[in-house]
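# Residue-level structure breakdown
For reference, the chains in residue letters:
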Amino acid sequence: MTSRSVDAALWYLGRGSGVVSLALLTLVVGLGIVTRSGRTLPGLPRFAVSAVHRSASLLAVTFLVVHIVTLTLDPQSQLRWLDAVIPFGSHFKPLWIGLGALSLDLMIALTVTSLLRQRIGRRVWRTIHWAAYALWPFAMLHSIGSGTDARRMWMVWFMVACAVAVIGILGWRVSPDFLDDRDRVAGTKLPAPRALEMTRGGR
Amino acid sequence: MTRLRIDWTACDGRGLCAELVPELIERDEWGFPLISDAAVPPGVLVHARRAVAACPRLALSLQAENA
Amino acid sequence: MTAMTQTMTGNYTGNYTGNEAAGGLIGPQPAAVLDLRGHLAQHGQLPSLGPHDVVRLARDAGLTGHGGAGFPLWRKLEAVINSGGRAVVVANGAEGEPASAKDRWLLTHRPHLVLDGLQLVARAVRAGDAYLYASERHRGLDHLIAERRAAGIDAVRVERAAAPDRFISGEESAAINSIAGGLAIPSSKPPRVVERGLRGRPTLVSNVETLALLALVARRGPAWFRSAGTADFPGSMLFTVGGAVRHPGVVEAPHGTPLTEVLELAGGPTSRLQAVLLGGYHGSWLTAEEAASAAMSRSDLAAYGASPGAGVVVALAEGVCGLAELSRVMTYLAQESAGQCGPCLNGLPRIAEQVRSLAFDGTDAAVFTELQRLSGLVVGRGACHHPDGSVRFLRTGLRVFADEVAMHLDRRCTRTSDDRVLPVRMVR
């Protein structure tokens, strides 16, 4: 195998793994929102929704690692290791590559805190997990701005499909019937007016 | 002896635990976990651990207890 | 119904045993002692004691907690000391129980004894911070605290923290959450507050009566304290006696005093009694026959599945519908759920609904099965004992009012009076 063909393989692998990462991240965001809703999916009980969310995100991390390793090894991309981690420092398209680096950093933060969830406690974990809502748009903008294939028709349609999926599920997330009330009679816990009366010196 | 413990202030009745350890956990009419026996038999321990890890509210824990 | 609270808790007749040896909280002079000089004239200076002296005093005296649980004070002190780190002490006068008024009586009549006791436990656990946690109506105590501080008798600065007038405000983790600026609602345990309480520090939360007694023990010695009461629970306790008695109010009597004598201290029953409630709304009902022979000690009352708790005694006269009383209180207790734990939040209102139908609607025996089932769904399934205590109140009530239940199932009621006896504090 010539060095030329190795470079070509790295180049294709780098681009392909990026696209797969974006697809997986879209899936992860969707499943994360379904997990939060407390609902099942057809054929998937609640624990499975959350398990697939977890596995898909770990898989996304794997593809992200492939994406970064191949592109830093590939001379054509002119990417340095540091550029993948420290945002906005690269010579080549600093903004768009920087958004990718930002996505990676958030991905690392989300993965580590989720693996240590039992230890750090629910509050810290949940606060950091909100960053997922920033991660996905960063990754999407990175794909649009620095993706070699971004202007190809199939890629445009693919990105539109991802965007439509995430926007749609976000719309559901903020809708009033998002939470699963199951068969609970009193609905959500800690009714706010009652809680307020229990504050310091409340009446 | 290992026992299942629920932090009731955290539990929101999401029900993942009941799906993962039906041997020990059912849900009451409001969706909250009903533990038939807090003592976890050795054979069920691995499932119980999975349920502890899966609880979205971190409300479930396993406690080693001296018999 | 707020008016009920007023008549019940606002009426301090200042009944007292008149026996110094019996306790000394109310003593021969039931009037309020608010000025520092009067307090020192009556009780003398607090002896200067080291940390170990205070723990030993509490142990030798056999002083137990008077907030309801009856746990030995010295063991709580040791638990805080053993937790290590800078400790916090809290005088708990929240008294969310509407049928109880003894903490309020102490804070309005004997505040200096409470503050003395708070300094003693602060010394025992080498606390850097001390709090007086009580209803906002006691804000006048700020003057006393400042006066004591200026006189140099309080080594540890005391801060007053307002307790919401809600049933569970006095639960110790709720007290800590409230003092920290949060909601006065319980936390899940572990960790225990003696290990990790206010701002993560080891915290002693002690009822104001316990502290006032400690202040007396420090001056008069353990032997004086043990001269009254029982071997397990020496000394005396305050009772809030209400319902069908001539002079409802706060009285003092040694542990182990026959219940009939406690009722006599409050002027005695105004008419034939059908039942007596002991220990408040997390407590237990006794029939009139049981009440005639029961003594107010933990060991004696255990035989009836009851406990003196924090000293609430309510006498229920014949002619009052016990089920209507149960219903009103269960509705109140359901309202007082903090709403944190699903079974309590969902279960108590359902239970209250069933009791309401038993008390006021045409109903059938199926209500019983349903009450059994629902009670089983809430007991032991919460961060605090609110569901457990509420169910104890209900179950013992249904036992004691069994005849009334039978009549209601037969669409009849013994009620000849529309009196509402048990006070509740309904929101809106």
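Check the entry above for the structure.
A brief look at the structure comes next. (Residues numbered from 1 in each chain as written. Chains lettered and ligands numbered in written order. Predicted model: local features only at pLDDT ≥ 70, side-chain atom pairs only at ≥ 80, totals over all residues. Heavy atoms only, no water.)

Turning our eyes to something else, we now look at the overall build of chain A. The secondary structure content of chain A amounts to 9 helices and 0 strands. For chain A, the α and β elements follow one another from N to C terminus as α-α-α-α-α-α-α-α-α. Residue burial in chain A is summarised as follows: out of 203 residues, 40% are buried. Within chain A, contacts between residues separated by at least 24 positions form 61% of all contacts whose residues are at least 6 apart in sequence. Counting only carbon and sulfur atoms, one obtains 70% of the accessible surface of chain A, whose full area is about 11500 Å². (Helix = DSSP H or I, 4+ residues; strand = E, 2+ residues; numbered from the N terminus. Buried < 20%, exposed > 50% of the residue type's maximum accessible area, 1.4 Å probe, protein only. Contact = heavy atoms within 4.5 Å. Areas by Shrake-Rupley, 256 points an atom, 1.4 Å probe, with all protein chains shown as cover.)

All right, on to the packing of aromatic side chains then. Throughout the structure, instances matching the rule amount to 9 aromatic pairs over all chains. On the numbers, 5.7 Å between centres and 40° between planes, the contact of W130(A) with Y133(A) is tilted. Arranged with centres 5.8 Å apart and planes meeting at 65°, the rings of Y281(C) and F393(C) form a pair that is edge-to-face. Of the two residues, Y281(C) is situated in the loop between β7 (273-278) and β8 (284-287) and F393(C) in helix α17 (residues 386-400); the sequence distance between them amounts to 112 residues. There is no split in this pair, since Y281(C) and F393(C) are both buried. Ring pairing ties together the aromatic residues F167(C), Y281(C), W285(C), Y332(C), F393(C) and F401(C), which thus form one cluster. (Phe/Tyr/Trp six-rings, centres within 6.5 Å; stacked < 30°, edge-to-face > 60°.)

Residues and elements named next belong to chain C. Reading across from one edge, β6-β5-β9-β7-β8 is the order of the 5 strands in this open sheet, with mixed pairing throughout. On the outer flanks of this sheet lie β6 (249-254) and β8, each paired with one strand and no other. Each neighbouring strand pair of the sheet contributes to a mean axis angle of 30°, computed without reference to strand direction. Looking at chain direction, β7 and β8 are connected through 4 bridges and run antiparallel. Each residue of the ladder has a partner; that of A275, found in β8, is T287. (Pairing = 2+ DSSP bridges. Axes fitted to C-alpha atoms, helices over the stretch in contact; angles between N-to-C directions.)

All names here are of chain C. One open sheet holds the 4 strands; their spatial order is β3-β2-β1-β4, and the pairing between them is parallel. With one partner strand each, in any of the chains shown, β3 (158-163) and β4 (203-207) form the two edges of the open sheet. Neighbour-to-neighbour, the strand axes of the sheet open up by a mean angle of 25°, direction not taken into account. Of the strand pairs in this sheet, strand β1 (residues 87-93) and β4 are connected by 5 bridges, and their pairing is parallel. Its bridge partner lying in β4, A91 is registered against S206. Helix α4 (residues 73-83) rests against β1 and β4 of the sheet, and its axis sits at about 160° to β4.

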